[in-house]
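These are the residues of each chain, in order.
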Amino acid sequence: MGKAAAEAIARINPLASAHGPKPGEGPSKEERDAGFYDLLFIGEGAKGERIDCVVTGDKDPGYGSTSKMIAETARCLVEDVAGDGGIWTPGALMGQVLADRLQAKAGLTFRCG
């Protein structure tokens, strides 16, 4: 049943068809190097408490920043943390250690308050 669902989704995926972008149609090197992002996340707790976090990145999010985040997350997993088994999200397992690594090595900033 799961395989059939995955195959059905794959058939309707526009990027897996002739309608997706062709090689070379993405942003130029200059556009990727000049890219950046500045995101505001707003969280609200069960009792109405609020936290705002701003995350910025110094590269295009789709090409430059994502690859740096993946690489630093993998290095953090191998070099900096040890979980007790089970299934973890990167934030739950690596938390502040990963945030510090991303700020020091991947061009991200995190400001929460």
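Let me begin by describing the structure that accompanies this report. (Residues numbered from 1 in each chain as written. Predicted model: local features only at pLDDT ≥ 70, side-chain atom pairs only at ≥ 80, totals over all residues. Heavy atoms only, no water.)

To continue, consider the state of the cysteines. Linking two cysteines covalently via their sulfur atoms produces the bond known as a disulfide. What the rule picks out here adds up to 1 disulfide. Paired by a disulfide, cysteine 53 and cysteine 112 hold their sulfur atoms 2.2 Å apart. Between cysteine 53 and cysteine 112, the S-S dihedral sits near 120 degrees, and the bridge is therefore right-handed. Residue cysteine 53 is found in strand E2 (residues 50-57), and its partner cysteine 112 is found in strand E3 (residues 108-112); the two are separated by 59 residues along the sequence. Owing to a relative accessible area of 16%, cysteine 53 belongs among the buried residues under this scheme. By relative accessible area, which is 52% here, cysteine 112 ends up exposed. (Disulfide = S-S within 2.5 Å. Helix = DSSP H or I, 4+ residues; strand = E, 2+ residues; numbered from the N terminus. Buried < 20%, exposed > 50% of the residue type's maximum accessible area, 1.4 Å probe, protein only.)

Now for the pattern of salt bridges. Applying the stated criterion across every chain, the model contains 8 salt bridges. Where arginine 75 meets glutamate 79, a salt bridge forms, and the shortest distance between an N and an O atom there is 3.1 Å. Of this pair, arginine 75 and glutamate 79 are both found in helix H3 (residues 61-79), 4 residues apart, which corresponds to roughly one turn of the helix. Among the salt bridges present, the one from arginine 101 reaches glutamate 79, with a minimum N-O distance of 3.0 Å. Pair noted here: arginine 101 is in helix H4 (residues 90-105) and glutamate 79 is in helix H3, with a separation of 22 residues, a long-range link. We classify arginine 101 as buried; its relative accessible area is 8%. (Salt bridge = Lys/Arg side-chain N within 4 Å of Asp/Glu carboxyl O.)

Now for the sheet that holds E3. Across the sheet, which stays open at both edges, the 3 strands sit in the order E1-E2-E3 with antiparallel pairing between neighbours. If you trace the sheet from one side to the other, it starts and ends with strand E1 (37-44) and E3, each paired once. Averaged over all neighbouring strand pairs, the angle between strand axes comes to 15 degrees, with direction disregarded. (Pairing = 2+ DSSP bridges. Axes fitted to C-alpha atoms, helices over the stretch in contact; angles between N-to-C directions.)

Attention now goes to the packing of aromatic side chains. Tallied over the full model, the rule gives 0 aromatic pairs. Here arginine 32 stacks its cationic end above the ring of tyrosine 63, 6.0 Å away from the centre of that ring. (Phe/Tyr/Trp six-rings, centres within 6.5 Å; stacked < 30°, edge-to-face > 60°. Lys NZ or Arg CZ within 6 Å of the ring centre and 35° of its normal.)

Looking now at the packing of H3 against H4. Running from N to C, H3 and H4 point in directions that differ by 120 degrees, and their axes come no closer than 9 Å. Judged on the interaxial angle alone, H4 and H3 are oblique. The handedness of the crossing between H3 and H4 comes out as right-handed. Every residue of H4 that contacts H3 at Met69, Glu72, Thr73, Arg75, Cys76, Leu77 and Glu79 is listed here: Pro90, Leu93, Met94, Val97, Leu98, Arg101, Leu102 and Lys105. For the contact of H3 with H4, a count of residues per class yields 9 nonpolar, 1 polar and 5 charged. (Parallel < 35°, antiparallel > 145°, perpendicular 65-115°, else oblique. Left-handed = near helix turned anticlockwise from the far one by under 90°. Contact = heavy atoms within 4.5 Å. Nonpolar A, V, L, I, M, F, W, Y, C, P; charged D, E, K, R; others polar.)

Moving on to the nonpolar core. One finds Tyr37, Val55, Cys76, Val81, Met94, Leu98, Leu102, Ala106 and Leu108 forming the largest nonpolar core, which totals 9 residues. Of all the elements, H4 adds the most residues to this core, at 3 residues. With near-sequence residues (within four places) excluded, valine 81 lies in contact with Cys76, Leu93, Met94 and Val97. (Core = buried A, V, L, I, M, F, W, Y, C linked by side-chain atoms within 4.5 Å.)

Read these as spatial facts, not as claims about activity.
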